[in-house]
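# Coordinates in review
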Amino acid sequence: MSKDNNKSTKTKAPKEQPKAPQAAAPKVSLDPAYIGRITGTLLAICAAVALLLGIVNYITKPIIDEAQAAKNAAAMAQVLQADEYVPLEGELPEHVTALYSAVSGGETIGWAVQTTANGSQGPITMVVGVDTAGAVTGVSVIKHSETPNIGTKVVADQNVLDRFVGLTHENGEVTINTGSNSVDGVSGATYSSRGVAAGVNAALSAVAGLS
Amino acid sequence: MSFTTLFDIALGAILINNFILVQFLGICPFMGVSKKMDTAVGMGFAVIFVMGLASALCYPVNLLLQALDLKYMQTVAFILVIASLVQFVEMFLKKAVPSLYEALGVYLPLITTNCAVLGVVLLNVQENYNFIESVVYGLTGGAGFLLAIVLFASIRERLEFSDPPKAFKGFPIALVTAGLMALCFMGFSGLQIPW
Amino acid sequence: MDFGKQLKEGLITQNPVLVQLLGMCSTLAITTTVSNGIGMGLSVTAILICSNVVISLLRKVIPSQVRIAAYIVVIAGFVTIVDLLLQAFAQDIAESLGVFIPLIVVNCIILARAESFASKNKILPAAVDGLCQGIGYTLVLVVMSAIRELVGTGAIGATQFFPAEYSVMMLTLPVGGFLTLGFLIALMQWAQNKAGKGGK
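All chains use their own residue numbering, which begins from 1 and follows the written sequence. By the order in which they are written, chains take letters starting at A while ligands take numbers starting at 1. Since the coordinates come from a predicted model, pLDDT governs what is reported: local features require at least 70, and pairs of side-chain atoms require 80 or more to be given and counted, while whole-chain, interface and lining totals use all residues. To obtain the side-chain values, all non-hydrogen atoms of the structure were used and water was disregarded.

### Comments concerning the overall build of chain A
Put simply, the rule reads: Only DSSP runs of H or I with at least four residues qualify as helices, and only runs of E with at least two residues qualify as strands; both kinds are numbered from the N terminus onward. Working definition: with a 1.4 Å probe on protein chains only, accessible area under 20% of the residue-type maximum means buried, over 50% means exposed, and in between means partly exposed. By the convention used here, residues are in contact when the closest approach between their heavy atoms is within 4.5 Å. Note that accessible areas follow from Shrake-Rupley with a 1.4 Å probe, and for residues the cover is restricted to the protein chains shown.
Across its full length, chain A carries four helices and seven strands. For chain A, the α and β elements follow one another from N to C terminus as α-β-β-β-β-β-α-α-β-β-α. For chain A, buried positions account for 41% of its 211 residues. By sequence separation, contacts in chain A at least 24 residues apart represent 40% of the contacts at least 6 residues apart. Working note: accessible area of chain A is about 11,000 Å², and carbon and sulfur atoms make up 55% of it.

This is the structure we're talking about:
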């Protein structure tokens, strides 16, 4: 390993002060002024970095939040069109990261559930629309890290995601390829397909748990 | 959070999503320290210890940052915690177990720049693990590292006596070996707990 | 300060990945697509230049005892800045690079250059060194991800060069990463042996 940044592995025996705890680089003094100087310099650097980061964060945070919110809003509108989405308070079930009731004309026409489930390369975050009959109205993936051209054949292909439309929990949980309530997966992308199914199941369960 | 969840996390960290062979975290020491079995084992245990402790220490730090709405300071805070932790471990080992300290030599401070340590802390945040889950993930992630590095060292010790093409001597043949090991570990990817 | 010489070092003779064997975690993990490779390469180059400049500026002020901690703080600062900028202006790259953006902090290349070059040289040579090493790193990333994406999926980005049925999917998996890098380093070593034999 061609690295050479050892903090204190130069084993020179402490020559002077016997109370010096580190047998580090030559002549480590416990002189308070020296300790004060190095601590002070380190603190000054930390403070400068923290200040710079604070400024950059202040500038970029609104942009990041806005982009995220726009993405969420677009995803919700795509799965279940409604005039407004009211977030539901209270404790959220497992895998559910946000729960909105979709309101049109003063009436709740369904729910938009944001869930996260494990795909093949990490978590997949999606928005699942569920209508008042407990059926899926649409699935939109908003965040994933699936392998390009393998997992993305599921999470980035709306045709595949649309296979989940209309599914309910009447015949049990949604499964891939086999079972009474199954959806065709994509061959070679089973884990990604299962991840989406898990997210859909979490959404359907969450909505069932509301009523 | 039940025993099943913890077992799931452990199995994932050691086999299914092995830190080195699947997630690519910790490659530098994996390649650098695996020439001899004893250093590999020593490094593996040191990494388990540091990863577990780092997970434990960074959990409250993360809570503090979230409470103060300072999420952007995560990277800086975590790496400082890890660097200080490694420094203390070094000083402790020097006093308490000098033989291990001598054996690890320059590799001990290198744990600071081990992607696996910072990686496991960041993954704990990303997965929203609670304290116990974070520590378990840290310890078992280190165990996965130990497993991979011990297996690799045993092969590499034999590679010393083999005769690859001149261009492949050293790192390249070791990387090809690691690739074949990664291929084997792919077999675990379907492993799931049935209950 | 010889730009040509430093460039040659960064690209070939002291290539951070193929010769110095640093920064392998990110090289192996993110080189599944060319856009990832370019994104990561440019990010690391930017951080290299910035941190080299700052460390060179502060080289007489930072006490030797705590220099590693100081370098790490500076590097972590720039990594966070790049992270925030990517999240704000290039969300797709930020998402596909994932946890490996904050992991740039522990990318051995940056710390090694800070320790071996930036702390001992003036600002301009340090900046140029950061640039050259960064270019070398980016080049390796792009070549590796081009190989892995093209042979592994048959396409680069949106252009399909040959049908995906004939692609070697294994290359996009961790196995492929190890094998591709192994062969690239072997290629570099073969070239070095040949240059050595030719009495350079």
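Picking up where we left off.
### Topic: the overall build of chain B
Going by this rule: To get the radius of gyration, use the C-alpha atoms; to get the globule rule, take the number of residues to the power 0.38 and multiply by 2.2 Å. Positive charges come from Lys and Arg alone, negative charges from Asp and Glu alone, with His and the N- and C-terminal ends not counted. We put the charge of a Lys on NZ, of an Arg on CZ, of an Asp on CG and of a Glu on CD.
When you go through chain B residue by residue, the secondary structure sums to eight helices and zero strands. Listed by position from the N terminus, the elements making up chain B come as α-α-α-α-α-α-α-α. What you see for chain B is a C-alpha radius of gyration of 18 Å, in line with the 16 Å of a compact globule of 195 residues. For chain B, buried positions account for 56% of its 195 residues. In chain B, the share of contacts with a sequence separation of at least 24, taken over all contacts with a separation of at least 6, comes to 76%. Of the roughly 8,300 Å² of accessible surface on chain B, 70% is carried by carbon and sulfur atoms. For chain B, the distance from the average position of its 9 positive side-chain charges to the average position of its 10 negative side-chain charges is 11 Å.

### Some details on the pairing of strand E4 (residues 123-131) of chain A
Residue and element names in this part refer to chain A. The following threshold applies: We treat two strands as partners when DSSP finds at least two bridges between them.
Of all nine residues that make up E4, seven are buried, and the element is covered over most of its length. Direction of pairing for strand E3 (residues 107-118) relative to E4: antiparallel, over a ladder of nine bridges. The residue bridging Ala112 from the neighbouring strand is Gly129, located in E4. Two strands pair when backbone bridges link them, and E4 and strand E5 (residues 136-143) are joined in this way by six bridges, in the antiparallel orientation. Across the sheet, the residue bridging to Thr125 is Lys143, located in E5.

### Examining the packing of helix H3 (residues 37-67) of chain B against helix H7 (residues 131-159) of chain B
All names here are of chain B. The condition is simple: Every angle, taken between N-to-C directions, lies between 0 and 180 degrees, and every axis is a line fitted to C-alpha atoms, over only the stretch in contact when it is a helix. Roughly parallel covers angles under 35 degrees, roughly antiparallel covers those over 145, roughly perpendicular covers 65 to 115, and oblique covers all other angles. Two helices crossing with the near one rotated counterclockwise from the far one by less than a right angle form a left-handed crossing, whereas a clockwise rotation gives a right-handed crossing. All amino acids are sorted into three groups, where Ala, Val, Leu, Ile, Met, Phe, Trp, Tyr, Cys and Pro are nonpolar, Asp, Glu, Lys and Arg are charged, and the leftover types, Gly among them, are polar.
One can describe the packing of H3 onto H7 by two numbers: an axis separation of 8 Å at closest approach and a directional angle of 165°. If you check the angle between H3 and H7, you find them roughly antiparallel. Once H3 is placed against H7, the crossing between them reads as right-handed. Its residues assigned to classes, the contact of H3 with H7 shows 19 nonpolar, eight polar and one charged.

### A look at helix H6 (residues 108-116) of chain C
Each full turn of the α-helix corresponds to 3.6 residues, which orients residues three or four apart in the same direction. Among the nine residues of H6 of chain C, eight are classified as buried, and the element is accordingly described as predominantly covered. Contact partners of the buried residues in H6 of chain C: helix H2 (27-32) of chain B together with helix H3 (34-57), helix H4 (67-89) and helix H7 (123-153) of chain C.

### Things to note about the interface of chain B and chain C
As a reminder of what qualifies: The term buried area denotes the loss of accessible surface (1.4 Å probe radius) that occurs when two parts are joined, taken as the sum for both partners. Here, a salt bridge means any side-chain nitrogen of Lys or Arg that lies within 4 Å of a carboxyl oxygen of Asp or Glu.
Between chain B and chain C, the residue contacts involve 35 residues of the former and 33 residues of the latter. Counting each side, the surface lost to burial between chain B and chain C is near 3,100 Å², with a carbon and sulfur contribution of 85%. Sorting the residues of chain B by area buried against chain C places Phe24, Thr113 and Leu175 of chain B first, and these three jointly supply 20% of that buried surface. At the junction of chain B with chain C, the criterion picks out zero salt bridges.

### Thoughts on the environment of Thr33 of chain C
Residue and element names in this part refer to chain C. In this structure, Thr33 sits in the loop between helix H2 (24-30) and H3. For Thr33, a relative accessible area of 7% translates into the label buried. Taking the C-alpha atoms as reference points, Thr33 and Asn52, 19 residues apart in sequence, are found 28 Å from one another.

### Focus on the packing of aromatic side chains
Residue and element names in this part refer to chain B. The following threshold applies: Put simply, two rings from Phe, Tyr or Trp (the six-membered ring, in Trp's case) pair if the centres are within 6.5 Å, and we call them stacked under 30 degrees between planes, edge-to-face over 60, tilted for the rest.
Summed over all chains, the structure comprises eight aromatic pairs over all chains. On the numbers, 4.4 Å between centres and 20° between planes, the contact of Phe30 with Phe152 is stacked. Of this pair, Phe30 sits in helix H2 while Phe152 sits in helix H7; the two residues are 122 residues apart in sequence, bridging distant segments of the chain. Note on Phe30: relative accessible area 0%, which makes it buried.

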